[in-house]
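Chains, contacts and geometry: an overview
The primary structure of each chain is shown beneath.
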Amino acid sequence: MSIDQEVGSVRDSVYCAAAVWSLYQAYRRIDDDRGKSCELRQSTVKCMRGILQCWIKQACLVELFKQRQSNQHALHSNFHLHTGKEIYSDDFYNHLQIDVASLYINFLVQMITSGLQIIYT
């Protein structure tokens, strides 16, 4: 298996989840009774939860970033698809991904507002 098939990008995953979520919205409006809307909804939720779980594993980086606001404590935006761990070491990966985090939060809020339960309460 090549490295391209093992690396997942948060940015690409959010865009894919947004496309699937849009299809879910369309199927929900036509009242599909064959289960397509349910499958689309669950695919969107699974993708968004997967990203959130990868970032939860990096909670220590968030706390360090809040204290020092240094790019050495940036959130990673590339993860291993099977394990959810970051691909690059913290020494090599020292650039901010604020645009990716804001993109994720933007779509997360829109999806939750539409009725998806992505975050457990």
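Conventions used here
- Residues numbered from 1 in each chain as written.
- Predicted model: local features only at pLDDT ≥ 70, side-chain atom pairs only at ≥ 80, totals over all residues.
- Heavy atoms only, no water.
- UniProt positions renumbered as here; feature names shortened; annotations may be inferred.
- Helix = DSSP H or I, 4+ residues; strand = E, 2+ residues; numbered from the N terminus.
- Contact = heavy atoms within 4.5 Å.
- Areas by Shrake-Rupley, 256 points an atom, 1.4 Å probe, with all protein chains shown as cover.
- Salt bridge = Lys/Arg side-chain N within 4 Å of Asp/Glu carboxyl O.
- Buried < 20%, exposed > 50% of the residue type's maximum accessible area, 1.4 Å probe, protein only.
- Phe/Tyr/Trp six-rings, centres within 6.5 Å; stacked < 30°, edge-to-face > 60°.

By the naming in an unreviewed UniProt entry, the protein chain is Phosphorylase b kinase regulatory subunit, taken from Glossina palpalis gambiensis. Here is the UniProt Pathway (unreviewed entry) comment for the protein chain, exactly as written: "Glycan biosynthesis; glycogen metabolism." Reading the Sequence similarities (unreviewed entry) entry of the UniProt record for the protein chain gives the comment "Belongs to the phosphorylase b kinase regulatory chain family."

Attention now moves to the overall build of the protein chain. The helix and strand inventory of the protein chain stands at four helices and two strands. The N-to-C order of helical and strand elements in the protein chain reads β-α-α-α-β-α. Contacts in the protein chain between residues far apart in sequence, at least 24 positions, make up 61% of those at least 6 positions apart. As presented, the protein chain carries roughly 8,000 Å² of accessible surface, and 54% of it is formed by carbon and sulfur atoms.

All right, on to the pattern of salt bridges then. In total, this model carries two salt bridges according to the counting rule given. Close ionic contact of Asp99 with Arg11 constitutes a salt bridge, the shortest N to O distance being 2.6 Å. Of this pair, Asp99 sits in helix α4 (residues 98–113) while Arg11 sits in helix α1 (residues 10–29), placing them 88 residues apart in sequence. With relative accessibility at 44%, the residue Asp99 sits in the partly exposed group. Here Arg11 falls in the partly exposed class, since its relative accessible area comes to 30%. With a closest N to O distance of 3.2 Å, Glu63 and Lys66 form a salt bridge. Here the residue Glu63 and the residue Lys66 both occupy positions in helix α3 (residues 59–68), the gap between them amounting to three residues, near one helical turn. For Glu63, a relative accessible area of 40% puts it in the partly exposed group. Look at Lys66 and you get exposed, because its relative accessible area is 54%.

On to the packing of aromatic side chains. The final tally for this structure, using the stated rule, is one aromatic pair. With a centroid separation of 5.3 Å and an interplanar angle of 80°, the aromatic rings of Trp55 and Tyr104 are classed as edge-to-face. Of this pair, Trp55 sits in helix α2 (residues 36–56) while Tyr104 is found in helix α4, placing the two residues 49 residues apart along the sequence. By relative accessible area, Tyr104 is classed as buried at 2%.

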